[in-house]
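Structural features, examined
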Amino acid sequence: MQQENVEAALVASADATQAKARRTALLRTGGAVATLAVVVVLVNVFSHGSFLTAGNLTNVLRQITYNAILAIGQTFVIITAGIDLSVGSLIELTGVVMASFANASHLDGPVLVIATLLVGLAVGCAAGFINAVPVVKLNLPPFITTLAMMLMARGLAFKLAHGRPVAVTSNAFDGIGTGFLFEGLLRPIGLPGIPIAVLWMVVLVVVFAIVLTRTKFGRYVFAIGGNEEAARLAGINVGRVKTLVYVISGGCAAVAGLLLMSRFQSGSPNTGIGSELQSIAAVVVGGTSLAGGRGSVVATFFGALLIGVLNNVMNLLGIESYTQDIVLGAVILIAVIVDELRKRYLQ
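Cut-offs applied
Residues numbered from 1 in each chain as written. Predicted model: local features only at pLDDT ≥ 70, side-chain atom pairs only at ≥ 80, totals over all residues. Heavy atoms only, no water. Helix = DSSP H or I, 4+ residues; strand = E, 2+ residues; numbered from the N terminus. Buried < 20%, exposed > 50% of the residue type's maximum accessible area, 1.4 Å probe, protein only. Contact = heavy atoms within 4.5 Å. Areas by Shrake-Rupley, 256 points an atom, 1.4 Å probe, with all protein chains shown as cover. Patch = residues over 30% accessible without salt bridge, like charges linked within 9 Å, V, L, I, M, F, W, Y side chains within 5 Å. Salt bridge = Lys/Arg side-chain N within 4 Å of Asp/Glu carboxyl O. Axes fitted to C-alpha atoms, helices over the stretch in contact; angles between N-to-C directions. Parallel < 35°, antiparallel > 145°, perpendicular 65-115°, else oblique. Left-handed = near helix turned anticlockwise from the far one by under 90°. Nonpolar A, V, L, I, M, F, W, Y, C, P; charged D, E, K, R; others polar. Expected span 1.5 Å × (residues − 1). Arc of directions from axis to C-beta. Core = buried A, V, L, I, M, F, W, Y, C linked by side-chain atoms within 4.5 Å.

Along the backbone of the protein chain there are 14 helices and four strands. By residue count, 49% of the 347 residues in the protein chain fall in the buried class. Intrachain contacts of the protein chain at a sequence separation of at least 6 include 78% that bridge at least 24 residues. Of the accessible surface of the protein chain, which amounts to about 16,200 Å², a share of 69% is contributed by carbon and sulfur atoms.

Right, dumping it as structure tokens:
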């Protein structure tokens, strides 16, 4: 009975923390949206109207899709005070495995797509499970274990692909990577349609936002990030929750791998280089605390959107890639500093 009371108290505390975090996230998101709107208007003026065009805005959404999906899983990991450096390599590994499976399979059409996705999810989730075991069983730092997986997955991807992209011979994936929905309805108003890849992103954002904020598992994730020892004493199976978190991250990497494979019609061992850092940047810019215990999938999406808009704006203005890296690094640093100042002086 006493243990049940302790668990109930911890869950109640986690609920209160979540409610406060949601209010803070709403204020932060509102301010970010207002700032972004001002920046967008100014940039559109300086770019002579080339930014706020239907084609360019659609392009921005397509560009952020893969980073946003990766960042969803990364959000769960970082809320538990962990980190996953392997997601970029898992994009490559799952992409190569799925492309090889699609070529070797005698399936076709939607059945082939579903089977290929299941194969990719199996590989990604298995890698996530392997990431979690040393963290849970041996209490090793997630930085080290996921760094090791990053190297192993990338090396395995190159070995399986013999150092070059594996071209997909089936056209069953064409619609997923480059297809649009509602083209006939939206083209008269100047929109090319809704990219199918963007719909995948939206569905995942909605589903995992609900999982994180409306389920017992989500409350446990926040509780572990806030105080892992207290969560363990309250009877929460910390090992199981942390394992599922890394499995989710690996699964998100597999979905991103499928979308990228479909877009380029090949599984490449070079596709995900740097993606792990981009996903972490989206999570940090979205306001998730690297110390754990606080974060939001929706805020992460806006973090990915902000990074995507910045990259697109700098491309339109003709800013070279080296300067873009400097700007992105400065944005991340400013986001972390602002978050720390907010925690010190506004709480």
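Here the narrative resumes, following the displayed structure.
Where nonpolar side chains cluster on the molecular surface, the patch consists of Val-38, Leu-42, Phe-46, Leu-316 and Leu-317 and spans about 480 Å² of accessible area. Note that Leu-316 resides in helix H13 (residues 297-316). When its relative accessible area of 34% is taken as the criterion, Leu-316 is described as partly exposed.

A separate point is the packing of H13 against helix H14 (residues 321-345). Working note: a packed helix pair is described by the angle between its axes plus the distance between those axes. Contact geometry for H13 and H14: axes closest at 11 Å, N-to-C directions at 150 degrees. Between H13 and H14, the angle falls in the class roughly antiparallel. Crossing of H13 over H14 shows right-handed handedness. Residues Ile-307, Leu-310, Asn-311, Met-314 and Asn-315 of H13 pack against Gln-324, Val-327, Leu-328 and Val-331 of H14. When the residues that make up the contact of H13 with H14 are grouped by side-chain class, the tally is six nonpolar, three polar and no charged.

Turning our attention to the environment of Thr-243. Along the chain, Thr-243 turns up in helix H11 (residues 238-264). On the accessibility criterion, Thr-243 (16% relative accessible area) is buried. Each C-alpha atom of the pair Thr-243 and Ile-130 lies 8.8 Å from the other, and the pair is 113 residues apart in sequence. The residues touching Thr-243, leaving out its near neighbours within four places in the chain, are Phe-129, Ala-132 and Val-136.

With that settled, the discussion passes to helix H5 (residues 142-161). An ideal rise of 1.5 Å per residue puts 28 Å on 20 residues; H5 measures up with 28 Å between its terminal C-alpha atoms. Buried within H5 we find Pro-142, Thr-145, Thr-146, Met-149, Met-150, Ala-153, Arg-154, Ala-157 and Ala-161. The arc that holds every buried residue of H5, seen down its axis, measures 160 degrees, which confines them to one face. For H5, the exposed residues set more than 90 degrees away from the buried face come down to Leu-151, Met-152 and Lys-159. If you follow the buried residues of H5, they end up packed against helix H3 (87-104), helix H4 (109-137), strand S1 (166-167), H11 and helix H12 (275-285). Positive backbone phi, at 55 degrees, marks His-162, one or two positions downstream of H5.

A few words on the packing of helix H2 (residues 54-79) against H12. In contact at an axis separation of 8 Å, H2 and H12 are set at 65 degrees when each is read in the N-to-C sense. The orientation of H2 with respect to H12, classified from their angle, is roughly perpendicular. As for the relative orientation of H2 and H12, their crossing is right-handed in sense. Contacts between H2 and H12 involve Asn-67, Leu-70, Ala-71, Gln-74, Thr-75 and Ile-78 from the first element and Ser-275, Glu-276, Gln-278, Ser-279, Ile-280, Ala-282 and Val-283 from the second.

What follows is about the nonpolar core. By size, the foremost hydrophobic cluster in this structure holds 79 residues, and its most contacted members are Phe-76 and Phe-173. The element contributing the most residues to this core is H11, with 13 residues.

By the definition in use, this model includes four salt bridges. We note a salt bridge from Glu-228 to Lys-242, for which the minimum N-O separation is 3.3 Å. Of this pair, Glu-228 sits in helix H10 (residues 228-233) while Lys-242 sits in helix H11, and the two are 14 residues apart along the sequence. For Glu-228, a relative accessible area of 25% corresponds to the partly exposed category. A salt bridge links Glu-229 to Arg-232; its shortest N-O distance comes to 3.1 Å.

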